[in-house]
Amino acid sequence: MYDNRPIGVFDSGVGGLNFAKEIKRLLPQESLIYFGDTKHLPYGEKSPNTIKNYVKRITAFLKKENCKAILIACNSATANALDEIKEVAGDDILVVDVINPVAEKVAFELRSKIGVIATKATVGSNFYKKSIRKYNKHIQVVEFATPLLVPVIEEGFCNTPISRSILEAYLKNKKLEGIDSLILGCTHYPLLEKEIEQVFEGKVQIIDSPLIVVNYLYHQLQQRQLLAQNEAPTYAFYLSDYTENFNRISKRFFGNKIALIEKNLDNILEAL
Ligand SMILES: N[C@@H](CCC(=O)O)C(=O)O
């Protein structure tokens, strides 16, 4: 039994593309519909209620596009609006987030002090600490907000003296002293992963969230007989506001033939 309907993936901007790219690599027969809410970026600086309003509309859009599953490729959305997203999605759509699969995996591995760097909205929720300690109370979890990293990434300053100096300032903070592992608790941050490894001189293991999450997604699809058998999957990219940086990074991950479609979701909830 196969299901060739698309998987919906969304984020506030380019961050979710790290996860969409991993789906394309590991699940090459799956079609994707990506929504980047670039008009409302950064989510990390917004209140939980504001985030809830944004992501309910995106979920409604992906439901209307007949998605069989939705990957919330955004930690800030997961940490502040997971229940609301599931409510709008309803029981017929599989919803996978980017925090719980990672928390469950790292909780059963030999780690003693895990660092989590993320946006203010994610750190403010303590979602990672609560999720990891739900499985293992003995692990110390340090959550540390690094808000400048998203603008650095969205403005295309990765691998520059700017990103390097900001990472040095953040990662050498006393709060992160003695960590053995680091979770990149923002889907944008894998774009800085090499630079982060350099700051720690390889002494800290960076957790590969995209691999863990997409592996979890695969098993959830398999259990529900929702896997696709599609030799020509399609990739559609919608943005609430076109940005050149999204265009550049999406083409780097998905090739030059993709089309970016600007989509206004202001009235979509009324249309449901
Ligand atoms: N993709 C980011 C959101 C970044 C932002 O819009 O502040 C996350 O995982 O939290």
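Note that the structure is a prediction, hence the values are computed from the model and not measured.

Visitor: Kindly report on helix α6 (residues 127-135), identifying the contributing residues and their values.
Guide: Each α-helix winds once per 3.6 residues, and so residues spaced three or four apart point in a common direction. Looking only at α6, the buried set comprises Phe127, Tyr128, Ser131 and Ile132. The buried residues of α6 occupy an angular sector of 115° when the element is viewed end-on, so they sit on one face. Seen from the open side of α6, the exposed residues pointing more than 90 degrees away from its buried face are Lys130 and Lys134. In this structure, the buried residues of α6 make contact with α3 (75-89), α4 (100-107), β5 (113-118), α5 (120-125), β6 (140-145) and β7 (181-184).

Visitor: Explain the environment of Phe61 to me, using residue names and the numbers behind them.
Guide: Mapped onto the secondary structure, Phe61 falls in helix α2 (residues 48-64). On the basis of relative accessibility, which here comes to 2%, the residue Phe61 falls in the buried class. Separated by 24 residues in sequence, Phe61 and Ile85 have C-alpha atoms that sit 12 Å apart. If we ignore the near neighbours within four places in the chain, the residues touching Phe61 are Ile33, Phe35, Tyr238, Lys263, Leu265 and Ile268.

Visitor: Can you lay out unusual backbone geometry for me, pointing to particular residues and giving the numbers?
Guide: What is expected of a backbone is that most residues other than glycine have negative phi and most peptide bonds are trans. Of note, the amide linkage connecting Leu41 to Pro42 takes the cis form, showing an omega dihedral of 0°. The residue Pro42 is located in the loop between β2 (32-36) and α2 in this model. Unusually for a residue other than glycine, Asn159 sits at a positive phi of about 55°. Along the polypeptide, Asn159 turns up in the loop between α7 (149-154) and α8 (161-171). For Asn159, a relative accessible area of 61% translates into the label exposed. Positive phi, normally seen in glycine, also occurs at Gln225, with a value near 50°. The residue Gln225 is located in the loop between α10 (209-223) and β9 (235-239) in this model.

Visitor: Explain the pairing of β9 to me, using residue names and the numbers behind them.
Guide: Note that β2 and β9 share 5 bridges and pair parallel. Across the sheet, residue Leu32 finds its bridge partner in β9, namely Tyr235. For β9 and strand β10 (residues 260-262), the ladder comprises 3 bridges, and the chain directions are parallel. For Leu239, the partnering residue across the bridge sits in β10 and is Glu262. The parallel pair β9 and β10 is bridged by helix α11 (residues 244-254), and the resulting crossover is right-handed.

Visitor: Before we move on, could you go through the environment of Glu177 and cite the residues and values that matter?
Guide: Structurally, the position occupied by Glu177 is in the loop between α8 and β7. Among the residues examined, Glu177 registers a relative accessible area of 47% and is labelled partly exposed.

Visitor: Which residues make up the site of the ligand, and what values go with them?
Guide: Around the ligand sit 14 residues, and of these Asp11, Ser12, Tyr43, Asn75 and Ser76 come closest. In the environment of the ligand, a nitrogen atom lies 2.6 Å from a nitrogen or oxygen atom belonging to the side chain of Asp11. For the ligand, an oxygen atom lies 2.7 Å from a polar atom in the backbone of Asn75. Notes on the ligand: free accessible area 300 Å², of which the protein chains cover 99%. Among the residues forming the shell around the ligand, the class breakdown is 6 nonpolar, 7 polar and 1 charged.

Visitor: Describe the confidence of the model for the protein, and please don't skip the residues or the numbers.
Guide: For the protein, per-residue confidence averages 96 on the pLDDT scale, and residues scoring 70 or more make up 99% of the total. We note a pTM of 0.96 for the whole complex and an ipTM of 0.98 for its interfaces.

Visitor: For the side chain of Asn247, give the residues involved together with the corresponding values.
Guide: Within the fold, Asn247 resides in helix α11. Under the relative-accessibility criterion, Asn247 is labelled buried at 12%. In this structure, Asn247 is in contact with Tyr242 and Leu260, ignoring residues within four places of it in sequence.

Rules and cut-offs
Residues numbered from 1 in each chain as written. Predicted model: local features only at pLDDT ≥ 70, side-chain atom pairs only at ≥ 80, totals over all residues. Heavy atoms only, no water. Buried < 20%, exposed > 50% of the residue type's maximum accessible area, 1.4 Å probe, protein only. Helix = DSSP H or I, 4+ residues; strand = E, 2+ residues; numbered from the N terminus. Arc of directions from axis to C-beta. Contact = heavy atoms within 4.5 Å. Pairing = 2+ DSSP bridges. Right-handed = clockwise from strand over helix to strand, strands pointing away. Near = heavy atom within 4 Å. Polar contact = N/O pair within 3.5 Å; in protein donor to acceptor, adjacent residues only side chain to side chain. Areas by Shrake-Rupley, 256 points an atom, 1.4 Å probe, with all protein chains shown as cover. Nonpolar A, V, L, I, M, F, W, Y, C, P; charged D, E, K, R; others polar. pLDDT = per-residue confidence, 0-100.

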